[in-house]
Amino acid sequence: MGSDPIEALAAVESRSPGRMAMRRFFKNRRAVICIALLLFVGGATLVVPWVTRHDYRESDWEYTYGEPNGKYWMGTDAIGRDLMVRVFLGGRISFAIGFLATAVSVIIGVAYGATSAFAGGRIDAMMMRFVDILYGMPYMLVVIIIMSLTESKSVLIVFFVLGVFSWMTISRIVRGQVLSLREREYVEAARALGVSAPAIIWRHMIPNILGPVIVYTTLAIPSVMLAESFLSFIGLGVSEPETSWGVLISEGQQALDRWWFVTFPGAALAITLFCLNSIGDGLRDAFDVQQR
Amino acid sequence: MLGFLIRRFAAGLATLFIIAVFSFCFTRLAPGSPFSSERQLHPEIIKAYEQYYGLDKPLYVQFWRALKGYVRFDFGPSTMYRGRSVNEYIEPGLGKSIQLGFLGAVFAFLIGLPLGVFASAHQNRIPDHAAMSVATLGICVPNFLLGPLLVQLFSLKLKWLPSTLWPEDGSLKELSKLILPTITLAMVHIAYISRLGRAGMLDVMNKDYIRTARAKGLNEWTVFVKHGLKNGVTPVVSYAGPMVALVLTGSIVVEKVFAIPGLGQHFVNGALNRDANMIMGCVLVYSALVIAFNFVVDVIYGLLDPRVRVS
Amino acid sequence: MSSSGKAAGFVLLLLAGCGKSDSPAPPPPPAAAAKLAPLDLSAPVEARIAEARRLLAEAGFPGGKGFPVLEVLYNDSEALKKIAAAIQQMWNKNLGIQVVLRNTEWKVYLDLVQKGRFDIARRAYFGEYLDPESFLSLFTSDSGFNSGGWTSEEFDRLVAASDRENDPAKRLALLGRAERLLVDEAALIPLYSGVGHNLMKPFIKGVYHNVRDMHPLQGVTLEGPGAPKDGVLIFNIASEPHSIDPALADDIASLKVLQHVFEGLANYEPRDGTPVPAAAERWDVSPDGLRWTFHLRPAAWSNGDPLTAADFAWSWRRAIDPKMPSAYKERLYVVKNARAIARGEAPIDSLGVRAEGDRTLVVDLEHPAPYFPWLVCLMVYLPVHRATVEKYGDQWIQPAHMVHNGAYRLVEARPAESMTFEANPRYRAAKDVKLKKFVFLHVVNDITALNLYETGQCHWLFRIPLEKMDALRGGPGHMEGPIHASQFYTFNLKRKPLDDVRVRRALALAVDRETIVKRVLRGGEEASERLTPRLYPGYEMK
């Protein structure tokens, strides 16, 4: 190996922290299976409503409360609408809310946390004090108040409200990471060598922050999806004729003897949450070892 | 230390005040009037209502009066339940919510911690996978689905347990009414606690001082329990803080499903019926609980880890 | 004319290509506006849809092209959601138009409806007296309910004339014409008449279905297998009463409580829900219908004080006081000067009620109201004990202080949980009270209540969750029957093109209410082609 410089370089490249974490991740069988499963479910939410011959709003008045059969693979709901297309369309909305709300919270959180850490000193203290205060607020109560006070219940409002109230944790994580990284030897070394601040941020900090951020994101999505389904349960979720897994499950739990109302969306939600959590775990295991 | 305590306490009060202002503004500016009913109210009736509840005064006057009441723990009259004060609902409701939350938390720790430690002792072998999969399922089944499922199974089909309401007295039969709500409430926390416990234990068991202990010749059991457990469970302890807030929201669902008239129910009904005093009362009580609990946790942390006090 | 005859006539008109025609309508009243063909909502579905399409095209929206997207507003409820979704589809399929659905919580819904901020809104009403006027008065120009802006001088004239008409048959005829006008101008989309479902354990005897769905418990007994050994009936009233002060209460749960703790001049007969003498042993009405005289029975309050006519007079004045924040005082407006007093324009003492001696109560009305006995069963007309109220103020309703005259006394009230009642030994007919003790639960969630019922922790429900309707209907313990309630949708005429009567008629015609009732609700509701339920013998809409 030794004599070929390009090979040597390649060998060095492959030991970059990100790549090593990825390698470790892909060795985790459970996580990999879950990625496949998640893609399957996600793909189904995209494909099934497209190819199905049932419209999610159309009622079959002869077959309301219908059990699953050859025509309606997941049965029909109380007004005769095909549940399969509604489950997968609901999946689209649940995914959308999960991803978008988390995206909002991550963007706000990363920006806030990084700024606070870089500003340092009193500004940092003040910004973190503000986060502490927000932490003390019972977030769900505030969400409920806001949702019950807004007149329209569009998907946008839901994910915006959820996103705006979840950024605090990520900001703390990011701030902690940035603070600890600033002191690391290789950053000092880079500074001593004269590498510019943006370059330091880009090449050294971001890859190291990315780890926990990705892990957090992957774990935040399921909690946002659960939060959305909780809102649907108390009646503050997405409104007709759109639907989401939360809405379907809360409708279904009122009629448990019609098992197909709750089983399919419940299974879909459970699988999705399970996969996201396993992937997040896998990512955390992969990045974590590397942190030490 | 004292400075630390004072700072924390002040932060808590500040938070409470901000919450009060925020909730007050939102409830007063919201669409929907607490007095509307099917038939439109004639203006003279609306005027009578507003005078009775003091809603005809300017906002800052209303807020000031409300604040004076809060200091004496008096939350004012309810607009939903006319002629009755919000306190009449919050006081019994609070008791129930706290009891339920406490039971849920204790149960969660009692089951979750051993589960997590057990899993960590058999890392990556079958018991670990099994335990963690069960735990993850606890996160994946929402509590408003779990509750009705438990009721269907244990109450209606098997008839082992009563399904709802609150125990009338201390007899075993009445107390068994608490079993299903507690399990429903605790499930998601069992999941988180066991995962955190496992992660914390694994973290610690790989540390140098553990290796030193082993090298010293101590048996595995002593190493595990005496050295590992003490430090491995700190992530679980730190979960206690956020858990309080989560238990509070979880209790909203559990109270609805099991018809328990706790604080969560009153809050949601108040929000839906625009009963401003009820909303304020519930929000303030909840927030005070969360803040107080976090304060206690902070104090404990401050006692244990001096570094925290200066941060 | 029979309905099939009407349908045939309709189809003939259609085929003959005639548009608006005034031939089958009754002789037009003087100074009528544009004459409309009767809107036959009970014609076969295909005919209705065809007519709807034709009307829509005539209004300028052939096939639904160019029709704006309207919003249908309803309050949170599974059943209402399904109905709205069904109607949304029907309009889409039959007329080619799109509507969006909007659901809000109760208070927001009420606010929006009353401020007229809706396009099409779901409404419902439970008539408090068994008379078509209880529903028709909702649509007069000055009614607080009528926020959609539909007005008709002719309608107002007919309803006001019915108020002054003493002959019952002529009165019903006037009201029938008013309703015909209402439906023809499509001020609303009738949907269905309410059905009451009660689920009771088999050991409960003495409960009958009635159209008010009001069941005084005095005559109820618990006998047979399964009857609770402590003899306590547990009934879920499904919500916390808003108040147990008769002047402040405004909801059904409160009425259920108050009718047992207090006794008004009349109360509901268990078998058919009609008002029968209670605190009053009889009453007479003057020939002009304006003066009612109630003769009270000898009776006492729970603390031994005699119950007098002065108690009633004082209580009514207390309720009408402009400072009393009571939504329900509007039910007193039929009494002379009540409205003016509530507005602060007249002194409280001018209320048209006075006591003549201890046992005679004389009431003067603003206009004849043959349904007055129904009204005196309501909360605002119940007597309260003056000395107690004056002594304790707001706290007089605490169980320890309360003085009352009804068959039961409130023993314990657990906020948002339950209320416990025991027979009142001082009640004037205490020996006739068979049920000695009962408990009201306040469980709101229908499914939870059903669980309680099935595990025996509750004996009686008066609401069944929609999802369980199929399983429970006709089963043991189920009691079903029509109730005096009506469900419909109203239009906001300020929103174009809803000001065009052809558009409204088209929308009303295109709703397949039979399917909604049979497939969505499945509770035995009756699809309705008019506002009022079919509960009045001798009344016809024409």
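Counting restarts for each chain: residues are numbered from 1 in the order of the written sequence. Lettering for chains starts from A, numbering for ligands starts from 1, and both go in the order in which the items are written. Totals for whole chains, interfaces and linings use all residues, but because this is a predicted model, local features are given only for residues with pLDDT of at least 70 and pairs of side-chain atoms are given and counted only at 80 or more.

Novice: Before we go on, may I ask you to explain the overall build of chain A in this structure?
Specialist: To qualify as a helix, a DSSP run of H or I must reach at least 4 residues; to qualify as a strand, a run of E must reach at least 2; elements of each kind are numbered from the N terminus. Counting its regular elements, chain A contains twelve helices and zero strands. Tracing chain A from N to C terminus, the helices and strands come up as α-α-α-α-α-α-α-α-α-α-α-α. By residue count, 47% of the 292 residues in chain A fall in the buried class. By the convention adopted here, residues make contact when the C-beta atoms placed from their backbones lie within 7 Å. Here the analysis covers contacts within chain A between residues at least 6 apart in sequence; of these, 69% occur between residues at least 24 apart. Our exposure labels follow a C-beta count within 10 Å of each residue's own C-beta, placed from the backbone: buried means 20 or more other C-beta atoms, exposed means 12 or fewer, and partly exposed covers the counts in between.

Novice: Would you explain the interface of chain A and chain B in this entry?
Specialist: A common measure of how large an interface is: the accessible area buried when the components associate. In this assembly, 31 residues from chain A lie in contact with 35 residues from chain B. When contributions to the side of chain A that touches chain B are tallied by element, the ones reaching two or more residues are α5 (121-136), α6 (139-149), α10 (197-233), α11 (245-252) and α12 (260-291) of chain A. Residues are grouped as follows: Ala, Val, Leu, Ile, Met, Phe, Trp, Tyr, Cys and Pro are nonpolar; Asp, Glu, Lys and Arg are charged; all remaining types, including Gly, are polar. In terms of residue class, the side of chain A that touches chain B is made up of 20 nonpolar, eight polar and three charged.

Novice: When you look at unusual backbone geometry in this model, what are you seeing that I'm missing?
Specialist: Most peptide bonds adopt trans geometry, and most residues besides glycine take a negative phi value. Residue and element names in this part refer to chain C. Of note, the amide linkage connecting Lys496 to Pro497 takes the cis form, showing an omega dihedral of -5°. One can find Pro497 in the loop between β18 (478-491) and α15 (501-509). In this structure, Asp213 takes a positive phi of about 55° despite not being glycine. As for its placement among the helices and strands, Asp213 is situated in the loop between β5 (204-205) and β6 (221-222).

Novice: Just checking my understanding: could you explain the environment of Pro92(B) for this structure?
Specialist: If you trace the backbone, Pro92(B) turns up in helix α4 (residues 86-121). We classify Pro92(B) as partly exposed; it has 19 C-beta atoms within 10 Å. Residues Pro92(B) and Leu55(B), 37 residues apart in the sequence, show an inter-C-alpha distance of 27 Å. Excluding its chain neighbours within four sequence positions, the residues that come into contact with Pro92(B) are Arg414(C) and Pro415(C).

Novice: I would appreciate a short explanation of the sheet that holds strand β13 (residues 360-364) of chain C in the present structure.
Specialist: Within a sheet, each strand pairs with its neighbour through backbone hydrogen bonds, oriented either parallel or antiparallel. Residues and elements named next belong to chain C. We call two strands paired when DSSP finds no fewer than two bridges between them. The four strands are arranged β10-β11-β13-β12 in an open sheet whose pairing can be described as antiparallel. Sheet topology places β10 (280-285) and β12 (353-355) at the edges, where each strand pairs with a single neighbour. Direction aside, the axes of adjacent strands within the sheet are offset by 20° on average. Taken together, the three bridges between β12 and β13 define a ladder with antiparallel strand orientation. By the bridge assignment for β13, Ala355 is matched with Leu361. Helix axes are fitted only over the stretch in contact, all axes being lines through C-alpha atoms; the angle between N-to-C directions runs from 0 to 180 degrees. Against the sheet, helix α9 (residues 309-320) engages β11 (291-296), β12 and β13, with an angle of about 155° to β12.

Novice: Can you help me understand the nonpolar core in this one?
Specialist: Within soluble globular proteins, side chains that are nonpolar generally end up buried alongside one another. The biggest cluster of nonpolar side chains holds 237 residues, and the ones touching the most others in it are Leu162(A), Ile193(B), Ile279(B), Cys282(B), Tyr286(B), Leu233(C) and Leu258(C). No other element matches the 16 residues that helix α8 (residues 179-205) of chain B contributes to this core. Leaving out residues up to four positions away in the same chain, Cys282(B) has contacts with Ile90(B), Leu263(B), His266(B), Phe267(B) and Gly270(B). A set of buried Ala, Val, Leu, Ile, Met, Phe, Trp, Tyr and Cys residues, joined through C-beta atoms within 7 Å, is what we mean by a nonpolar core. By size, the runner-up hydrophobic cluster in this structure holds 72 residues, among which are Leu95(C), Leu158(C), Ala178(C) and Leu188(C).

Novice: Can you help me understand the interface of chain B and chain C in this one?
Specialist: Listed as interface residues are 42 residues of chain B and, on the opposing side, 41 residues of chain C. For the side of chain B that touches chain C, the secondary-structure elements that each account for two or more residues are α2 (43-52), α4, α6 (143-157), α11 (234-257) and α12 (263-273) of chain B. With six residues, the single largest contributor to the side of chain B that touches chain C is α2(B). Of the residues contributing to the side of chain B that touches chain C, the split by class is 21 nonpolar, 14 polar and seven charged.

Novice: I tried to follow the packing of α4(B) against α12(B) on my own but got confused; where do I start?
Specialist: In helix packing, the relevant descriptors are the interaxial angle and the interaxial distance, both defined with respect to the helix axes. Residues and elements named next belong to chain B. Their axes nearest at 7 Å, the elements α4 and α12 cross at an angle of 130°. With respect to each other, α4 and α12 are oriented oblique. Across the interface between the two elements, Tyr89, Ile90, Gly93, Leu94 and Ser97 from α4 touch Leu263, Gly264 and His266 from α12. Split by residue class, the contact of α4 with α12 holds four nonpolar, four polar and no charged. Roughly parallel covers angles under 35 degrees, roughly antiparallel covers those over 145, roughly perpendicular covers 65 to 115, and oblique covers all other angles.

Novice: It is not clear to me how the confidence of the model for chain A should be interpreted in this structure. Could you clarify?
Specialist: Detailed conclusions should not be drawn from predicted coordinates in areas where pLDDT is low. Confidence in the prediction of chain A, expressed as mean pLDDT, is 79, and 83% of residues score 70 or more. pLDDT gives the predictor's per-residue confidence on a scale running from 0 to 100. The secondary structure element of chain A with the lowest average pLDDT is helix α1 (residues 5-13) of chain A, at 54, and the one with the highest is helix α3 (residues 29-51) of chain A, at 90.

Novice: Whenever I open this one, the pairing of β11(C) confuses me. Can you help?
Specialist: The two faces of a sheet get side chains in turn, since along a regular strand they alternate between them. Residue and element names in this part refer to chain C. Alternating positions in β11 separate cleanly, Trp292, Phe294 and Leu296 being buried on one face and Arg291, Thr293 and His295 remaining unburied on the opposite face. Examined bridge by bridge, β10 and β11 share five bridges and lie antiparallel to one another. Bridge pairing in β11 links Val285 to Trp292. Between the antiparallel neighbours β10 and β11 lie five residues, among them Gly289 with a positive phi of about 75°.

Novice: Help me out: how do you make sense of the environment of Met200(C) in this one?
Specialist: Residues and elements named next belong to chain C. Structurally, Met200 can be placed in strand β4 (residues 188-200). Along the chain, Met200 and Thr104 lie 96 residues apart, while their C-alpha atoms are 32 Å from each other. Dropping the residues within four chain positions of it, Met200 is found in contact with Val207, His459, Trp460, Gly477 and Met479.

Novice: Please explain the confidence of the model for chain B as it appears in this structure.
Specialist: Residue and element names in this part refer to chain B. On average, residues of chain B score 80 in pLDDT, and 93% of them reach the 70 mark or higher. Averaged pLDDT values for the elements of chain B fall to 55 in helix α14 (residues 306-310) and rise to 88 in α4. Quick note on the complex model: pTM equals 0.80, ipTM equals 0.76.

Novice: For this particular structure, what's the right way to read helix α5 (residues 126-140) of chain B?
Specialist: Since there are 3.6 residues in each turn of an α-helix, residues three or four apart along the chain are aligned in direction. End to end, α5(B) covers 21 Å across 15 residues, agreeing with the expected 21 Å (1.5 Å per residue, within 8%). Taken as a whole, α5(B) has its buried residues at Ala131(B), Met132(B), Ala135(B), Thr136(B), Gly138(B), Ile139(B) and Cys140(B). For a helix, the expected span equals 1.5 Å multiplied by the number of residues minus one.

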